[in-house]
Amino acid sequence: NVFFHFQFDENDLNKKLCEFSSGQKTRIALVKLLLTKPDILLLDEPTNHLDIASIEWLENYVKHYPFAVVLVSHDRMFLDHVVDEIVEIEFGKTQRYVGDYSHYLKAKEEYLKKNHEAYVRQQQEIHRLEDLIEKFRYKKNKAAFAKSKQKYLDRMDKIEDSSSDTSQMKAVFTCARKGGKQVLDVEDLSVGYDKVLSKVSFQLLQGQRMAIVGPNGIGKSTLIKTLVKELPAISGSFKFGHQIDVGYFNQESAQMKSNKNVLDELWDMDSDATQTQIRNTLASFLFTQDEVFKEVNDLSGGERVRLALAKLMLEHDNVLLLDEPTNHLDIPAKEALESALEKYDGTILFVSHDRMFLKKMATRVLEMDSVGKIYDLNYEEYLDKKANNELIESVAKVEKEVKPQTVSFTDLKAIKNRVAKLEVLLDEAEQDLEAMRELRYEPEYYQDYRKMEELDAKIDDKHNEIAALMKEWEEKMAMME
């Protein structure tokens, strides 16, 4: 039964181990471990290579395992559902928190706050004692008093000002152009290799974030590869809309190979950019100082994914096709990517087995089986209705582009004036942004992490200001056409 819960069937029982893929071998090793029922179950990223149904089965198994379980995982929902204690390793130190992952986040924040307050109080006391010692140490009748205070100070257990690793990816995905409202029209598209895995029909409209879900092997990644023409369609058709620029992130990004260093790999994407601009982009993806000169072949899986995301960001596409974008990323990087994609004003079609990512990102769901079904629900609504057998497939609607309204001469003049003003504001904002970026290389900032954090926050605000101005400029330009 355990074997079959991990996407194997009876035919697989007679296969040789060498006939399985690396992902299947990982699952077989997990099955073997679970069947031995050891006194301590040690699991390192056990949800990798599993589909959602298998993850949920493993969750239930681990949750009710009768002996001790110690695990490492970047799957936040898995941690929330399984663990009752978390040991965090940060800056070479360990800190224990009782409770699940959500409780850990709150408890850590409270711990850092209280520890800092205790540190400040102790520092004030130390300064007070040092002042007393200095004041009385050379007075005969007070020398003994000063000496006793010095001994007390020497024996004091010093509190360290606890801090948290605040280095985080700061991606900003933007569109070079808005593109048409109808992004993608898929009609009776059969996908697969030597046989049809699934047949789908759907429309994707501007601004939607559609998740593709279903068991492993049903054709989720195959659909994405067909849409970017890495694989031919078996039958049916698909068509992208007017002025649609497609960006693609695939599962092979973590296997990226190149003899170039990180700096040159990204610079080749935009040869007109300065080294400072490229290094700023790399710094946003946590490649700093000498790390930019590392050879791509020497990068870890997580580093390759971050580099691939940096390359994707530089393309400024208005549609992103993402196949397992959170694989190999640690939790802070996943959360940073989620934040960036939530602010992205384009359209996203994605495959993921990360349920927290699905929960935060999906505004629409394509459930793939032999025939794909579309649900105009977010991921939580989809799960809730599926559990209660209340799912109702949405009917595809062909929506026509809305023709712009006619604009009077007076209004047109006001719009032209506003466009001219916006262009001035954009130019000033971009100059301000460049000036702030240059400050990163001033000792006053890179030697003071607090000032650097404040500067980064100002740069983020300036990016948001530019994005808002650009959006208004595009809307006004469309009214003038």
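Note: the structure precedes this text.
None of the values given here were measured: they were computed from a predicted structure. (Residues numbered from 1 in each chain as written. Predicted model: local features only at pLDDT ≥ 70, side-chain atom pairs only at ≥ 80, totals over all residues. Heavy atoms only, no water.)

Asker: Whenever I open this one, the side chain of Glu 324 confuses me. Can you help?
Answerer: Assignment of secondary structure puts Glu 324 in the loop between strand 10 (319-323) and helix 10 (331-343). Buried and unpaired, Glu 324 has no salt bridge, with Lys 220 as the nearest side chain of opposite charge at 6.3 Å. Side-chain polar atoms of Glu 324 contact the side chain of His 353, separated by 3.0 Å. (Helix = DSSP H or I, 4+ residues; strand = E, 2+ residues; numbered from the N terminus. Buried < 20%, exposed > 50% of the residue type's maximum accessible area, 1.4 Å probe, protein only. Lys, Arg positive; Asp, Glu negative; His and termini not counted. Salt bridge = Lys/Arg side-chain N within 4 Å of Asp/Glu carboxyl O. Polar contact = N/O pair within 3.5 Å; in protein donor to acceptor, adjacent residues only side chain to side chain.)

Asker: How should the pattern of salt bridges be read in this particular structure?
Answerer: Where charged atoms from two side chains of opposite charge approach closely, those side chains can pair. Taken as a whole and assessed by the stated rule, the structure comprises 27 salt bridges. Among the ionic pairs, Lys 93 bridges to Glu 160, the shortest N-O distance being 2.6 Å. Placement of Lys 93 in strand 4 (residues 93-98) and of Glu 160 in the loop between helix 5 (143-155) and strand 5 (182-192) is noted, with a sequence separation of 67 residues between them. A salt bridge links Lys 260 to Asp 268, with the nearest nitrogen and oxygen atoms 2.4 Å apart. Among the charged side chains, a salt-bridge network with shared partners connects Arg 76, Lys 334, Glu 338, Asp 354 and Lys 360.

Asker: I keep staring at unusual backbone geometry and nothing clicks. Help me out?
Answerer: Glycine aside, residues mostly have negative phi angles, and peptide bonds mostly take the trans form. You will see that Leu 286, though not glycine, has its phi angle at about 70°, which is positive. Looking at the secondary structure, you find Leu 286 in the loop between helix 8 (275-284) and helix 9 (301-315). Note on Leu 286: relative accessible area 27%, which makes it partly exposed. With a phi angle near 55°, Asn 389 is a residue other than glycine that sits in the positive phi range. Of note, Asn 389 is situated in the loop between helix 12 (379-387) and helix 13 (409-439). Under the relative-accessibility criterion, Asn 389 is labelled exposed at 74%.

Asker: Explain the sheet that holds strand 9 (residues 246-249) to me, please; I cannot follow it from the model alone.
Answerer: The strand order across the open sheet formed by six strands is 9-10-11-7-12-13, and the pairing between neighbours is mixed. Of all the strands in the sheet, the pair left with one neighbour each is strand 9 and strand 13 (373-375). Taking each pair of neighbouring strands and ignoring which way they run, the sheet shows an average axis angle of 15°. Pairing between strand 10 and strand 11 (residues 347-351): five bridges, direction parallel. Bridge pairing in strand 11 links Asp 323 to Val 351. Against the sheet, helix 9 contacts strand 9 and strand 10, and its axis sits at roughly 180° relative to strand 9. (Pairing = 2+ DSSP bridges. Axes fitted to C-alpha atoms, helices over the stretch in contact; angles between N-to-C directions. Contact = heavy atoms within 4.5 Å.)

Asker: What is the right way to look at the nonpolar core in this model?
Answerer: A general feature of soluble globular proteins is that nonpolar side chains tend to end up buried together. Formed by 47 residues in total, the largest nonpolar core has its most connected members in Phe 173, Leu 282, Leu 341 and Phe 350. The greatest single-element share of this core, amounting to seven residues, is contributed by helix 9. Other than its neighbours up to four places away in sequence, Leu 282 contacts Val 262, Leu 263, Leu 266, Phe 287, Val 292 and Leu 307. With 28 residues, the next largest nonpolar core counts Phe 20, Leu 41, Leu 71 and Tyr 104 among its residues. (Core = buried A, V, L, I, M, F, W, Y, C linked by side-chain atoms within 4.5 Å.)

These figures capture arrangement, not role.
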